[in-house]
Amino acid sequence: MTGMTSSARPFLNRRLAEFGTTIFAEMSALAARTGSINLGQGFPDTDGPEEIREAAVRALRDGRGNQYPPGPGVPELRTAVAAHQQRHYGLTYDPDTEVLVTAGATEAIAASLLALVEPGDEVVALEPYYDSYAACIAMAGGRRVPVTLRPHGGAFRLDLDELRAAVTDRTRLLLINTPHNPTGTVLTREELTAVAELAVERDLLVVTDEVYEHLVFDDAAHVPLATLPGMRERTVTISSSGKTFSFTGWKVGWVTAAPALVAAVRSAKQFLTYVSAGPFQYAVAEALNLPDSYFTALREDLRAKRDLLAAGLTEAGFEVFRPAGTYFVTTDIRPLGESDGFAFCRSLPERAGVVAIPNAVFYDHREEGAPFVRFAFCKQPETLREAGKRLAGLRKD
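The name given to the protein in an unreviewed UniProt entry is Probable N-succinyldiaminopimelate aminotransferase DapC, with Streptomyces mexicanus as the source organism. Annotation of the protein in UniProt includes, under Subcellular location (unreviewed entry), the sentence "Cytoplasm". UniProt lists a comment for the protein under the heading Cofactor (unreviewed entry), and it reads "pyridoxal 5'-phosphate".

Caption draft 1: Quick look at a nonpolar patch on the surface. A contiguous nonpolar patch, built from Leu114, Met139 and Leu272 and spanning about 230 Å² of accessible area, is present on the exposed surface. Summarising the element assignment, Met139 is placed in helix H5 (residues 131-139).

Caption draft 2: Highlighting the environment of Ala134. Within the secondary structure layout, Ala134 lies in helix H5. Since its relative accessible area comes to 3%, Ala134 is described here as buried. Residues within four places of Ala134 in sequence aside, it is in contact with Phe19, Tyr129 and Arg144.

Caption draft 3: Quick look at the pairing of strand E10 (residues 253-256). Side chains Gly253 and Val255 of E10 all project onto a buried face; the interleaved residues Trp254 and Thr256 project onto the opposite face, where all are buried too. Two strands pair when backbone bridges link them, and strand E2 (residues 99-102) and E10 are joined in this way by four bridges, in the antiparallel orientation. Counted as the bridge partner of Val99 is Thr256 from E10. As defined by bridge partners, strand E9 (residues 235-240) adjoins E10 across four bridges and the pair is classed as antiparallel. Residue Ser240 lies in a different strand from E10, and its bridge partner there is Gly253.

Caption draft 4: Quick peek at the sheet that holds strand E14 (residues 357-358). Taken together, four strands build an open sheet; the order of strands is E11-E12-E15-E14 and the sheet is antiparallel. Of all strands in the sheet, those with a lone pairing partner are strand E11 (319-321) and E14, marking the two edges. Pairing of E11 with strand E12 (residues 328-332) involves three bridges; the strand directions are antiparallel. Looking across to E12, one finds that Phe321 is bridged to Thr330.

Rules used throughout
- Residues numbered from 1 in each chain as written.
- Predicted model: local features only at pLDDT ≥ 70, side-chain atom pairs only at ≥ 80, totals over all residues.
- Heavy atoms only, no water.
- UniProt positions renumbered as here; feature names shortened; annotations may be inferred.
- Patch = residues over 30% accessible without salt bridge, like charges linked within 9 Å, V, L, I, M, F, W, Y side chains within 5 Å.
- Areas by Shrake-Rupley, 256 points an atom, 1.4 Å probe, with all protein chains shown as cover.
- Salt bridge = Lys/Arg side-chain N within 4 Å of Asp/Glu carboxyl O.
- Helix = DSSP H or I, 4+ residues; strand = E, 2+ residues; numbered from the N terminus.
- Buried < 20%, exposed > 50% of the residue type's maximum accessible area, 1.4 Å probe, protein only.
- Contact = heavy atoms within 4.5 Å.
- Pairing = 2+ DSSP bridges.

If you want it as structure tokens, here you go:
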């Protein structure tokens, strides 16, 4: 019995019992094991700007951030975040009281929900949702209430009536993500105005995940919820450097909100990591001050990659939902004679040498997401072309 305990109780607490290893870890391991092209996990296969990488090296060598940085984040980064919000959206935040630096957006989401949600509170989230949302709501003791985005006219759309119906007297906050992962939907100003009106009418807090704020294409425009009437004081806005600057391993994120909200989130965050990524914070401060040409070039590069992958997926026989934002393409596998995204993704490396993610993992209503599969296009063009060639063989299976 060595190594065993006398208790029959499971080691993992019941709040997290439904969450095993994340699908991203499982599929990335499968990619490595099979030598497949990994279009599953959303990380670029090249680093971001050389001058920003050098800024991190310079900070390390100068001894900036090698010891504990200030709990709320280094002043240079908090100032840069505030300047970014003003420059791009006309939002004014006090760097000292209304900005908090976190270990990526993932910690920002966790700290926000742990701080703002009491056991039994309901949290309305758009489904499909990034998988950490469900786990963080569970850790906070909240109850998630999904509102499903459904395909309509070539994109996934929010049913505003369904959203209103989901709000009850037990609803504490709305958890909004736009641009939306995994569907690539960018909520319109009209949709967000309706969300804002609902939040004001029902006196709800809103946590909004805007990590893909600069990754919008064609005629889409990112509208921060905090810019809408009545939302500045009730919205916790979350973003990060990983997606915008292609340094996902640095894990530098931030929260902007009114002082009382930031103070609440900081109270939870200080007992999670306390601080993180000291030298990288200085580098990200420089990144946020890059000229507009950087952000324009980023969008154009990703738009071209989106089109390249979308064309390959269409040629391979998938129904493709062309995303208006993020760096993911959602597809429907039913035209290929498939209907089970899990089985399809687990067999795809052997069949085609490509890894993707089954969207069903992002749903409470698994059947709603069963036929949908997500591919990441934040890769080199030659990688995307090769993936398209490999996937073309599915038609011949």
